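# Survey of secondary and tertiary structure
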Amino acid sequence: MCLIVTFAPELAGNSRLDWQRIRNAAERNRDGFGLAFPSRGRLIIERSLEPDGIFALAAENERRGRPFLLHLRFATAGDDTVNNAHPFPIGQRLAFAHNGHIHSLGILRTLQALGPRASDTAALADIARRRTARGLEPLEAFASLRSLAGDSRLAAINSDGEFRYINESLGQREGGAWYSVRDGGHFDPRVNSLNPYR
């Protein structure tokens, strides 16, 4: 599946992210990389098929004490394209990432409409954007995805650097970081195919 890492500097204290562990996780989750972080009242979103630039930007945000949401994609649906890399915007001030696989009928219908190259997360983003077009605020649209999430983990960040989660308890906190997998991003290749939280 994927790995989401959120970094909240106000919770970090003296702890730092383990970048070697994140790079190791990138070996198993190499189908897209993305980052969202606040800057001067705006939300910046960067997505790539290569990790180095994304990781450098995330590490710079950590050094500056800025919150961010980092995503490493393991494709389970959709092509390996930048368009399927996370995070996905909902409006201009909120973006989210997803770890898991969505099987709901609503997602399947949206995927059919988007075409075979789209991911289930692209379908979630499309549903959330349609809900904002009908009057929901972006944060409400994100929260409304809970009904489709099943046991997937979703994390969102806004332009003020605030986080929201769906199924947060399925992940793990370490200092100022939250990892969408319980083992904090360790991927043991001997158990990876059997681990539902990989």
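Everything here concerns the structure above.
Residues numbered from 1 in each chain as written. Predicted model: local features only at pLDDT ≥ 70, side-chain atom pairs only at ≥ 80, totals over all residues. Heavy atoms only, no water.

## Section: the pattern of salt bridges
This structure, assessed with the given rule, holds ten salt bridges. Between Arg 63 and Glu 60 there is a salt bridge whose closest N-O contact spans 2.9 Å. Placement of the pair is Arg 63 and Glu 60 together in helix 3 (residues 51-63), with a separation of three residues, close to one helical turn. With relative accessibility at 54%, the residue Arg 63 sits in the exposed group. Note on Glu 60: relative accessible area 25%, which makes it partly exposed. For Asp 126, the salt bridge identified is with Arg 130, shortest N-O distance 2.9 Å. (Salt bridge = Lys/Arg side-chain N within 4 Å of Asp/Glu carboxyl O. Helix = DSSP H or I, 4+ residues; strand = E, 2+ residues; numbered from the N terminus. Buried < 20%, exposed > 50% of the residue type's maximum accessible area, 1.4 Å probe, protein only.)

## Details of the nonpolar core
Grouped burial of nonpolar side chains is what soluble globular proteins tend to show. By size, the foremost hydrophobic cluster in this structure holds 23 residues, and its most contacted members are Leu 17, Trp 19, Phe 55, Phe 68, Leu 70 and Leu 72. At the level of elements, strand 1 (3-7), helix 2 (19-28), strand 2 (33-39), helix 3, strand 4 (68-72) and strand 10 (177-179) are the ones that each hand at least two residues to this core. Once you skip the residues sitting within four places of it in the chain, Leu 72 turns out to touch Cys 2, Leu 3, Ile 22, Ala 25, Ala 26, Asn 29, Gly 32, Phe 33 and Phe 55. Counting 22 residues, the second largest nonpolar core, distinct from the first, contains Phe 88, Ile 90, Ala 122 and Leu 145. (Core = buried A, V, L, I, M, F, W, Y, C linked by side-chain atoms within 4.5 Å. Contact = heavy atoms within 4.5 Å.)

## Describing the environment of Ser 15
By the secondary structure assignment, Ser 15 is in the loop between helix 1 (9-12) and helix 2. Excluding residues within four positions of it along the chain, Ser 15 makes contact with Gly 175 and Gly 176. In this structure the side chain of Ser 15 is engaged in a polar contact, spanning 2.6 Å, whose partner is the backbone oxygen of Ala 12. (Polar contact = N/O pair within 3.5 Å; in protein donor to acceptor, adjacent residues only side chain to side chain.)

## Things to note about the packing of helix 4 (residues 105-114) against helix 5 (residues 120-133)
Each pair of packed helices can be described by the angle between their axes along with the distance between the axes. Running from amino to carboxyl end, helix 4 crosses helix 5 at an angle of 95°, the nearest separation of the two axes being 9 Å. It follows from the interaxial angle that helix 4 and helix 5 lie roughly perpendicular. Here Gly 106, Ile 107, Thr 110, Leu 111 and Leu 114 of helix 4 come into contact with helix 5, specifically with Asp 120, Ala 122, Ala 123, Leu 124, Asp 126, Ile 127 and Arg 130. (Axes fitted to C-alpha atoms, helices over the stretch in contact; angles between N-to-C directions. Parallel < 35°, antiparallel > 145°, perpendicular 65-115°, else oblique.)

Read these as geometric descriptors, not functional statements.
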